[in-house]
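Per-entry structural report
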Amino acid sequence: MTDQTSTTMRTFDSRQVTSAAIKVLTTGWRLSFALVIIGLVIAIIRDEPLARELGTFSHVFDELRHGHSNGFLGVGILVMILSPIVSAATIAVSFFRIGDRQYGIITTVVFIILMISIGLSLL
Amino acid sequence: MDLDYSLALGLAAASAAILGSMLGLGGGVFIVPLFTLYLGVDPKIAVGASAIAVVTNSVVGSSNHLRNGFTNIRLSMLLQVTTAVGAIVGAIIAIWADASILKVLLGVLLVYSAFSMIRSRKVAYPNASPDTPDPYSIGATFSDPNSGGEIRYVPQRVKTGLAISTSAGVLSGMLGIGGGVIQVPVMNLIMKMPVKAAAGTSSFMVGMTAVATAAVFYSEGKIDPKVAVPAMLGVFVGSSLGSRLTKRLKTERLVMIFFVILTYLGASMVLSAFDFNPFG
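Residues numbered from 1 in each chain as written. Chains lettered and ligands numbered in written order. Predicted model: local features only at pLDDT ≥ 70, side-chain atom pairs only at ≥ 80, totals over all residues. Heavy atoms only, no water.

1. Considering the overall build of chain A
- On a plain count of helices and strands, chain A comes out with four helices and zero strands.
- Considering chain A as a whole, with its 123 residues, one finds that 50% of them fall into the buried category.
- A total of about 6,100 Å² of accessible surface is found on chain A, and carbon and sulfur atoms cover 64% of it. (Helix = DSSP H or I, 4+ residues; strand = E, 2+ residues; numbered from the N terminus. Buried < 20%, exposed > 50% of the residue type's maximum accessible area, 1.4 Å probe, protein only. Areas by Shrake-Rupley, 256 points an atom, 1.4 Å probe, with all protein chains shown as cover.)

2. Observations concerning the overall build of chain B
- Counting its secondary structure elements, chain B contains 10 helices and two strands.
- In chain B, the succession of α and β elements from N to C terminus is α-α-α-α-α-β-β-α-α-α-α-α.
- Here chain B holds 280 residues, and 58% of them are scored as buried.
- Of the contacts formed within chain B by residues at least 6 apart in sequence, a portion of 79% connects residues at least 24 apart.
- For chain B, the computed accessible surface area is about 11,000 Å², with 62% contributed by carbon and sulfur atoms. (Contact = heavy atoms within 4.5 Å.)

3. A short note on the pattern of salt bridges
Residue and element names in this part refer to chain A.
- For the structure shown, the criterion picks out four salt bridges over all chains.
- R46 is the partner of E48 in a salt bridge, and the nearest nitrogen-oxygen pair spans 3.2 Å.
- For E48, a relative accessible area of 15% translates into the label buried.
- Taking relative accessible area as the criterion, R46 reaches 48% and is therefore assigned partly exposed.
- As a salt-bridge pair, D62 and R65 come within 2.2 Å of each other at their nearest N and O atoms. (Salt bridge = Lys/Arg side-chain N within 4 Å of Asp/Glu carboxyl O.)

4. Examining the nonpolar core
- If you look at the biggest cluster of nonpolar residues, it comprises 120 residues, and the most contacted ones within it are A:I77 and B:F35.
- Of all the elements, helix α8 (residues 195–219) of chain B adds the most residues to this core, at 14 residues. (Core = buried A, V, L, I, M, F, W, Y, C linked by side-chain atoms within 4.5 Å.)

5. Regarding unusual backbone geometry
All names here are of chain B.
- For S137, which is not glycine, the phi dihedral falls at a positive 55°.
- Structurally, the position occupied by S137 is in the loop between α5 (99–119) and β1 (140–143).
- For S137, a relative accessible area of 4% puts it in the buried group.
- Despite not being glycine, K192 has its phi angle at roughly 60°, a positive value.
- Locating K192 in the fold gives a position in the loop between α7 (180–190) and α8.
- Accessibility expressed as a relative area gives 42% for K192, which makes it partly exposed.

6. Here we look at the packing of helix α1 (residues 15–46) of chain A against helix α3 (residues 69–97) of chain A
All names here are of chain A.
- Where α1 meets α3, the axes come as close as 8 Å, and the angle between the chain directions of the two elements is 175°. With respect to α3, the element α1 is oriented roughly antiparallel.
- Looking at side-chain class alone, the contact of α1 with α3 contains 22 nonpolar, 10 polar and one charged residues. (Axes fitted to C-alpha atoms, helices over the stretch in contact; angles between N-to-C directions. Parallel < 35°, antiparallel > 145°, perpendicular 65-115°, else oblique. Nonpolar A, V, L, I, M, F, W, Y, C, P; charged D, E, K, R; others polar.)

7. Structural notes on the side chain of B:S62
- With respect to the helices and strands, B:S62 occurs in helix α3 (residues 43–68).
- Looking at B:S62, its side chain comes within polar contact range of the main-chain oxygen of B:S58, at 2.7 Å.
- Of the polar contacts made by the side chain of B:S62, one reaches the backbone nitrogen of B:F204; its length is 3.5 Å.
- Setting aside anything within four residues of it in sequence, one finds B:S62 in contact with A:L25, B:N57, B:S203 and B:F204. (Polar contact = N/O pair within 3.5 Å; in protein donor to acceptor, adjacent residues only side chain to side chain.)

8. With respect to the confidence of the model for chain A
- Predicted confidence across chain A gives a mean pLDDT of 86, with 87% of residues reaching 70 or more.
- Contacts of residues 1–11 of chain A to residues separated by more than four positions or lying in other chains number 36 contacts, the stretch itself having pLDDT below 50. (pLDDT = per-residue confidence, 0-100.)

So this is what it looks like as structure tokens:
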């Protein structure tokens, strides 16, 4: 949307926005599944028990640094959770790039709300 | 790790995703009842795992919907403002609410879904003309793979859609479901969007809605990898299978079968909230 005074239907060239979203989501689920599969293989080979909860961010990344299955599984789950948030950020930037300020701002608001939900989880 | 239990959870999640994708409801609606009624998972852990599964389904599925042009990104962002706020509120309520309340709510929602499926009309609308008022700049076009033609539409009654999205968000947050059960009929019947665009836009939105739920449940230690990982993998496999099976099976008969399944699961959830286990 470049002309906000227009009230009739218009079509927009949103390919940049769409392709940015596709890239982020596809990368997100591929990375997440790769980490989860690695974690499961390690758990089976080493007969490691799976944790009953993920734990804090620092705990999850500590586990990953030490090559524990729970680290890979935890980061895999977190990557999946974060994928839609990263896609919101990317979409906001793409809207601003194509000159659509209104939806750039709306998407930024969505991103902020999602970040607040993450922020609440860290309290 | 307990492979048998993980496999059982994975199979249950895959079954949920197969059923969900056949009905266009997503797997979330079925995961919580299957996990709690058959596999003895704590309802709150099941809601947390369901939220992760819903995010997975959305992230994987949206890539395809976006490629096909079914997702209206502007509309999804507009509706997501109120939906995400509702989801945070719903998830906070769910953490403090008694588990039996969640069971009753989900049971009622399942029965509602069963009846709305029977009554659903899936209305088709004529193409919007270039002069159609579009004050929110959310008009869009996509190529219909069935007719081969270009479909143009402008979502209507946006304020009503925003209001209903808030309640869809609250329910999603409380129950770990995606919210597609509510969003798709609202977009199709109230906002007058083509079904494919409604499903594609809803699929993209539910991932973001479930993120808010997943984050709150994560903070409360209710994301159990033993349950969430099989749910993720099961949903991934099940939704791919479900979408292939859907093309081969007749919809009318399936709707009747699923009406019975949804009603049965819904009634079982409500009864189990009162410590009456219909499975003995």
